[in-house]
Amino acid sequence: MRWTTFALLLLCLACGVAPQLESARTVAAFEVPLHNPDERSEFVAILSDAAKAEGLHVDASTEQSERVSEVSPMTIHAAVWRGANDDEPLASVMDLPDNLGRAWISFSQGEDPTLATRFRERAMGKILKRWPTTRSLPIMPTGAI
């Protein structure tokens, strides 16, 4: 475990666990190897297609420069939303400074778990086919990755 990941874990434990809506609970998470801008674009396209099929949409930010954020380096940041006004997030994607090129995608239970499950299975089926070395990440009882 890298020291920044360990420090983040300790910070989370020190702050305690805030109550979480059941619909926001993380039910699955994966680490996807996205090593270049073309792979990141392809990933977002796959995610967008799966979202569109379920009436959802994706807001995403990727850049050729390898830096989406000026505050903290990252190469991808995206969210899948239900509702025209971003009413509910169903998935989140990002990589972190010590994890660049390995994007984490996490999926929420959702207010409509059947819809959220259909979307997750559709998206992950295509993602796993394209990136077979994708790893499942453990989910803690609190819903944290």
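The structure this text deals with has already been given above.
Described in the following lines is the structure provided in the data block.

## What about the overall build of the protein chain?
In terms of helices and strands, the protein chain carries three helices and six strands. Mapped from its N terminus to its C terminus, the protein chain presents α and β elements in the order α-β-α-β-β-β-β-α-β. Expressed as a percentage of the 145 residues in the protein chain, the buried residues total 38%. A total of about 8,300 Å² of accessible surface is found on the protein chain, and carbon and sulfur atoms cover 58% of it.

## What to know about the packing of aromatic side chains
According to the stated counting rule, one finds three aromatic pairs in the structure shown. With centroids separated by 6.3 Å and ring planes inclined at 75°, the aromatic side chains of phenylalanine 30 and phenylalanine 107 adopt a geometry described as edge-to-face. Highlighted residues: phenylalanine 30 in strand β1 (residues 26-33) and phenylalanine 107 in strand β5 (residues 102-108), separated in sequence by 77 residues. Residue phenylalanine 30 shares its accessibility class with phenylalanine 107, and that shared class is buried.

## With respect to helix α3 (residues 113-130)
For α3, built from 18 residues, the straight-helix expectation of 26 Å at 1.5 Å per residue is met to within 8% by its first-to-last C-alpha distance of 25 Å. Turning to α3, its buried residues number three or more, namely Leu115, Ala116, Phe119, Arg120, Ala123, Met124 and Ile127. Here the buried residues of α3 occupy an arc of 140° about the axis, which is enough to place them on one side. Of the exposed residues in α3, those oriented more than 90 degrees away from the buried face are Thr114, Glu121 and Lys129.

## Looking at the packing of helix α2 (residues 37-53) against α3
Between α2 and α3, whose axes approach to 9 Å, the crossing angle comes to 150°. By the angle class used here, α2 and α3 are roughly antiparallel. Crossing handedness for the pair α2 and α3: right-handed. Each of Glu39, Glu42, Phe43, Ile46, Leu47, Ala50, Ala51 and Ala53 in α2 lies in contact with α3, whose residues at this interface are Phe119, Arg122, Ala123, Lys126, Ile127 and Arg130. Across the contact of α2 with α3, the residue classes break down as nine nonpolar, no polar and five charged.

What counts and what doesn't
- Residues numbered from 1 in each chain as written.
- Predicted model: local features only at pLDDT ≥ 70, side-chain atom pairs only at ≥ 80, totals over all residues.
- Heavy atoms only, no water.
- Helix = DSSP H or I, 4+ residues; strand = E, 2+ residues; numbered from the N terminus.
- Buried < 20%, exposed > 50% of the residue type's maximum accessible area, 1.4 Å probe, protein only.
- Areas by Shrake-Rupley, 256 points an atom, 1.4 Å probe, with all protein chains shown as cover.
- Phe/Tyr/Trp six-rings, centres within 6.5 Å; stacked < 30°, edge-to-face > 60°.
- Expected span 1.5 Å × (residues − 1).
- Arc of directions from axis to C-beta.
- Axes fitted to C-alpha atoms, helices over the stretch in contact; angles between N-to-C directions.
- Parallel < 35°, antiparallel > 145°, perpendicular 65-115°, else oblique.
- Left-handed = near helix turned anticlockwise from the far one by under 90°.
- Contact = heavy atoms within 4.5 Å.
- Nonpolar A, V, L, I, M, F, W, Y, C, P; charged D, E, K, R; others polar.

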